[in-house]
Amino acid sequence: MGLKTFIGGVHPYEGKELAKDAPIKEVLPKGELVFPLSQHIGAPATPIVAVGDSVKKGQKIAEAGGFVSSPIYSSVSGTVKKIEPRRVAVGDMVNSIVIESDDQFTECEYSPVDDVTSLSREKIIDRIKEAGVVGMGGAGFPTHVKLSPKEPEKIEYIIANCAECEPYLTADYRRMIENPEDLVAGMKIILQLFDHAKGVFGVENNKPDAIAKLKELIKDEPRMEVCELLTKYPQGGERQLIYAVTGREINSKMLPADAGCIVDNVETMIAIKHAVKDGVPVMKRIATITGDAITTPSNFLYSMGTPYEQLVEAAGGFKVQPQKLVSGGPMMGFAIFGLDVPTTKTTSSLLCLGKDEVAEFEPLACISCGRCVEACPEKLIPSRLAKFSEHGQKDEFELQLYNKGGVKWKQGIPLNNPPGAKGLKLVFADDFDGAMSISNDGRNARYCAHKPRFGDFGSWAFADVDGEDNPFEQYDGYLRIKARKQEGKKGSTGLIASVNMDGEGFWAKVPFYMECRFIAQSAPGTWPAFWTVNQLDWGVPG
C-alpha cells in the first residue's frame, strides 16, 4: 500500500537529527515553580489554595473555571508563596499560583483502576476531566469535551496524531520508541467510548522504527491499525491528517466530529492512560530542547511549572548565544524574549537558534509562478497575502482570509432590503425589551450563554450568567453585552445562542435572512460577530 498524504505541502529542513536519538531523561525542578491558571482553551482555572498553604505533588490547586476549562495540579510539594499575575511564554501576564518547592516531592495517593474495561463511559470521561487532560499538541482544548460528542455512535475513526511533522521536534518520536505501550493503552481507553470506531496511528515514514514498534504491539488488536504517511509539512495538521487517513475533507465550517473523526496527539493519549488507568493527573510531559545553539539537544520529562531556563541548564546550556528562542517549532511556535517563564501543559519544545535566518532574509520579487498556491493545503493565495502584509493592507489581508460571502469591502449598508429577504416570512424576533432568559447551558431558557456542543473558543472567555463577570444587562430596551479586561487576566465577554447544549432551540431553515440592530462603542478592538449554526452533528436540518 502506498504512503497516504494530502494535497499540497512543503519539505522544510527537518533538524530532527539533533535530538531524535537522545533518550528521555527526567529533570527534577528546583526553587520556585509558576502555575498559570490559563493553560488551556476556555475559562481560566480557579485557585482552591491560599498563600501559605502546604501542598503535595499531585494535589489539585485550581479547579475548572467553567463549562470549557481544566483543573491544575501541583507537580511538586512545597508552599504556596503568591497568587499573582506572571509573564508566560506568549508575553501575556496571566494570573498564576507560585509554589516554592521543598525538594521532597511528597506525593498524594492516587486511585488506580485494575480493570479499565469495567468503567462506564461516564466514569472514563469524568476521570479524564478530573485529571486535567487537554490537547497537549499545542491547542490545549479540554479533552473531556472533545470526547463527548452529541452522537458518539457516528464516530468512526480515532486518529492518533503521531506525525510530528514540525521540524526539530522529537518528543512524540521518543514516546513512541520508549513508551509505545502507554500510547496503545490510551487508544484502547478512547475506543471504549466509541463502539463503531477504529483506532488509527498516523505516523510519517521518517520514523520506520516507531512504525515497526506500533505494528508489533497492535498485531492482535482488530480495531487498530498503523497508517504510514508521507513525510511532508503540515502532515500533522488536523485537517490534513484526517484527509490522508480517511479521504474525508474538513472545511472551515466543520469540526472533525462532523466527518466522524476524533484526533488526539501522542502525549494526550498517554495522559489519558495515566488519568484513567493510574489515576494520575497531568503534572509532567515530554519536551524537546534543541537547536544549533544548545550544547546537548535533549528530550526531557519535566514537571509543569518548571522555568525554561532550568531545562536549558539541564541540556548543558548554550554553546553559542542564541539569536532566536522559539517556544515550540519553527513553523507553529512563537518567539520568546527570555527564559524566565514557566512551562505548561502545552509546552512541547524550546528551539534555540544561533542565527535568526528569518530576520536576515531578504524577500525576492514575486514572479507569479504559482508554486505557493500549489503548496498551500488550505487553497489560499499566499502571494497575495504576502503582498497585502508587506504594504500594511490589513483590511484586504483579513478580507482574503475570512470573507466568503461575496460582499465587497466597504460596500456599506444597503438602502433597501437585500434580495435574499424577499418572499421570506418572519420566524424569529427579539427586541430584548422583556425579562432576560439566558442560562449557561441554554436549558430552561431562550438563550445559551456558550457555544453549543463543543463549547467556547478564542482567548477571550464567554462568561457564565451566574458568575461575577456576568456580561448581560437589560437597559432601556437594549440587551447590553459587556466586555472586560482586567490587568493580569484574560478578557471576558458574552455570547448568546438560540440553540442549547442538547441541540434544542431555534434553527434557521435555509435560505434565510438575518438582521441585527446594535450600538457599539467607537474603539479599537470592538468586534461584534454573528454565526449561523448549520446542523452540526445532531442531524437537525438547519
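A.B. asks: Run through the overall build of the chain, naming residues and quoting values.
C.D. replies: Each helix and strand counted, the chain has twelve helices and 23 strands in total. Counting every position in the chain, which comprises 542 residues, the buried fraction comes to 45%. For the chain, the share of sequence-separated contacts (at least 6 apart) that also reach a separation of at least 24 residues comes to 69%. Just so you have it, the chain exposes about 27,900 Å², and 52% of that area is on carbon and sulfur atoms.

A.B. asks: Talk me through the sheet that holds strand β13 (residues 284-290); I want residue IDs and the actual numbers.
C.D. replies: Spatially, six strands are ordered β1-β14-β13-β17-β15-β16 in an open sheet, and the strand pairing comes out mixed. Here the strands that pair on one side only, and so sit at the sheet edges, are β1 (24-27) and β16 (334-336). On average, each strand axis in the sheet is tilted by 30° relative to the strand beside it, whichever way the strands run. For strand β15 (residues 324-327) and strand β17 (residues 349-353), the ladder comprises four bridges, and the chain directions are antiparallel. The residue of β17 that forms the bridge with L325 is C352.

A.B. asks: Run through the environment of I124, naming residues and quoting values.
C.D. replies: Topologically, I124 is positioned in helix α1 (residues 121-130). For I124, a relative accessible area of 0% gives the class buried. For I124, the residues in contact, after removing those within four places along its chain, are L119, I189, Q192, L193 and V276.

A.B. asks: So what's going on with the confidence of the model for the chain? Residues and values would help.
C.D. replies: Detailed conclusions should not be drawn from predicted coordinates in areas where pLDDT is low. Looking at the chain, pLDDT values average 87 and 87% of them are 70 or higher. Counting interchain partners and residues more than four positions distant, the pLDDT-below-50 stretch residues 398-415 has eleven contacts. For the stretch residues 535-542, pLDDT sits under 50, and the model shows 29 contacts to residues farther than four places along the chain or on other chains.

A.B. asks: Give a detailed account of the packing of aromatic side chains, specifying residues and quantitative values.
C.D. replies: All chains considered together, the criterion is met by one aromatic pair. Relative to Y168, the ring of Y13 lies with its centre 5.8 Å away and its plane at 85°, an arrangement referred to as edge-to-face. Note that Y13 is positioned in the segment before β1 and Y168 in the loop between β9 (157-161) and α3 (171-178), a separation of 155 residues in sequence. With a relative accessible area of 52%, Y13 lands in the exposed category. Of note, R121 hangs over the ring of F194, and the distance from its end group to the ring centre comes to 5.3 Å. Over the ring of F6 we find K232, and its NZ or CZ is 4.4 Å from the ring centre.

A.B. asks: Residue-level account of the sheet that holds strand β7 (residues 78-87), with values.
C.D. replies: Here four strands make up an open sheet; going across it, the order is β2-β8-β7-β4 and the pairing antiparallel. One side of each edge strand has no neighbouring strand; the edge strands of this open sheet are β2 (32-36) and β4 (54-55). Two elements, β2 and strand β8 (residues 93-101), share five bridges in a ladder whose sense is antiparallel. Looking at β8, one finds that V34 is bridged to V98.

A.B. asks: For the layout of surface pockets, give the residues involved together with the corresponding values.
C.D. replies: Its volume calculated, the second largest pocket comes out at about 670 Å³. Lining the second largest pocket are 33 residues; nearest its centre among them are A43, P44, G65, E468 and D469. Elements with a contribution of two residues or more to the lining of the second largest pocket: β3 (46-47), β8 and β20 (461-462). Looking at the lining of the second largest pocket residue by residue, the class counts come to eleven nonpolar, 13 polar and nine charged.

A.B. asks: How would you sum up a nonpolar patch on the surface? Please name residues and give values.
C.D. replies: Taken together, V10, M331 and M332 make up a surface patch of nonpolar side chains, about 290 Å² in accessible area. Within the element layout of this structure, M331 appears in the loop between β15 and β16. Overall, M331 belongs to the partly exposed group, its relative accessible area being 40%.

A.B. asks: Mind laying out α1, listing which residues take part and the relevant values?
C.D. replies: All of the buried residues in α1 are I124, I125, R127 and I128. Down the axis of α1, the buried set is contained in an arc of 160°. They therefore lie on one face.

A.B. asks: Pulling in residues and values, what's your account of the packing of α1 against helix α7 (residues 266-278)?
C.D. replies: Interhelical geometry of α1 versus α7 gives an angle of 115° and a closest axis separation of 9 Å. Crossing angle aside, the handedness with which α1 passes α7 is right-handed. On α7, the residues that touch I124, R127 and I128 of α1 are I272, A275, V276 and D278. Class assignment of the residues belonging to the contact of α1 with α7 gives a composition of five nonpolar, no polar and two charged.

A.B. asks: How would you summarise the pairing of strand β12 (residues 261-265) if you had to cite specific residues and measurements?
C.D. replies: The buried fraction of β12 is high, at five of five residues. Burial of the side chains of β12 extends over both faces: C261, V263 and N265 are buried on one face and I262 and D264 on the other. The sheet contact formed by β9 and β12 spans five bridges and is parallel. Along β12, the bridge assignment pairs N161 with N265.

A.B. asks: Go over the environment of N500, please, and point to the residues and values.
C.D. replies: As for its position among the elements, N500 is in the segment after β23 (492-493). Note: C-alpha distance between N500 and S439 (61 residues apart in sequence) is 9.2 Å.

A.B. asks: Tell me what's going on with the nonpolar core, and back it up with residues and numbers.
C.D. replies: Among the nonpolar cores identified, the biggest contains 64 residues, and L147, I158, L183, F194 and F201 are the most heavily contacted of them. Leave out the neighbours within four places in its chain, and F201 touches A160, C162, L183, V184, M187, L214, I218, M224, E225, V226 and C227.

A.B. asks: Tell me what's going on with helix α6 (residues 238-246), and back it up with residues and numbers.
C.D. replies: Regarding α6, the residues found buried are Q240, L241, I242, A244, V245 and T246. On its buried side, α6 packs onto β9, β10 (198-204), β11 (224-229) and β12. Downstream of α6 by one or two residues, G247 has phi in the positive range, about 80°.

A.B. asks: Account for empty space enclosed by the protein, naming residues and giving values.
C.D. replies: The tally for this structure, following the rule as stated, stands at two cavities of 30 Å³ or more. Estimates place the volume of the second largest cavity at around 30 Å³. Around the second largest cavity sit F35, Q39, I72, Y73, V282, M304 and K345, which together line it. Considering only residue class, the lining of the second largest cavity consists of five nonpolar, one polar and one charged.

Cut-off values and rules
Residues numbered from 1 in each chain as written. Predicted model: local features only at pLDDT ≥ 70, side-chain atom pairs only at ≥ 80, totals over all residues. Heavy atoms only, no water. Helix = DSSP H or I, 4+ residues; strand = E, 2+ residues; numbered from the N terminus. Buried < 20%, exposed > 50% of the residue type's maximum accessible area, 1.4 Å probe, protein only. Contact = heavy atoms within 4.5 Å. Areas by Shrake-Rupley, 256 points an atom, 1.4 Å probe, with all protein chains shown as cover. Pairing = 2+ DSSP bridges. Axes fitted to C-alpha atoms, helices over the stretch in contact; angles between N-to-C directions. pLDDT = per-residue confidence, 0-100. Phe/Tyr/Trp six-rings, centres within 6.5 Å; stacked < 30°, edge-to-face > 60°. Lys NZ or Arg CZ within 6 Å of the ring centre and 35° of its normal. 1 Å grid on protein atoms, 1.4 Å probe; cavity = no way out; pocket = protein on both sides within 12 Å on 5 of 7 lines; lining within 4 Å. Points joined across faces, edges and corners; volume = space filled by probe spheres on them. Nonpolar A, V, L, I, M, F, W, Y, C, P; charged D, E, K, R; others polar. Patch = residues over 30% accessible without salt bridge, like charges linked within 9 Å, V, L, I, M, F, W, Y side chains within 5 Å. Salt bridge = Lys/Arg side-chain N within 4 Å of Asp/Glu carboxyl O. Arc of directions from axis to C-beta. Left-handed = near helix turned anticlockwise from the far one by under 90°. Core = buried A, V, L, I, M, F, W, Y, C linked by side-chain atoms within 4.5 Å.

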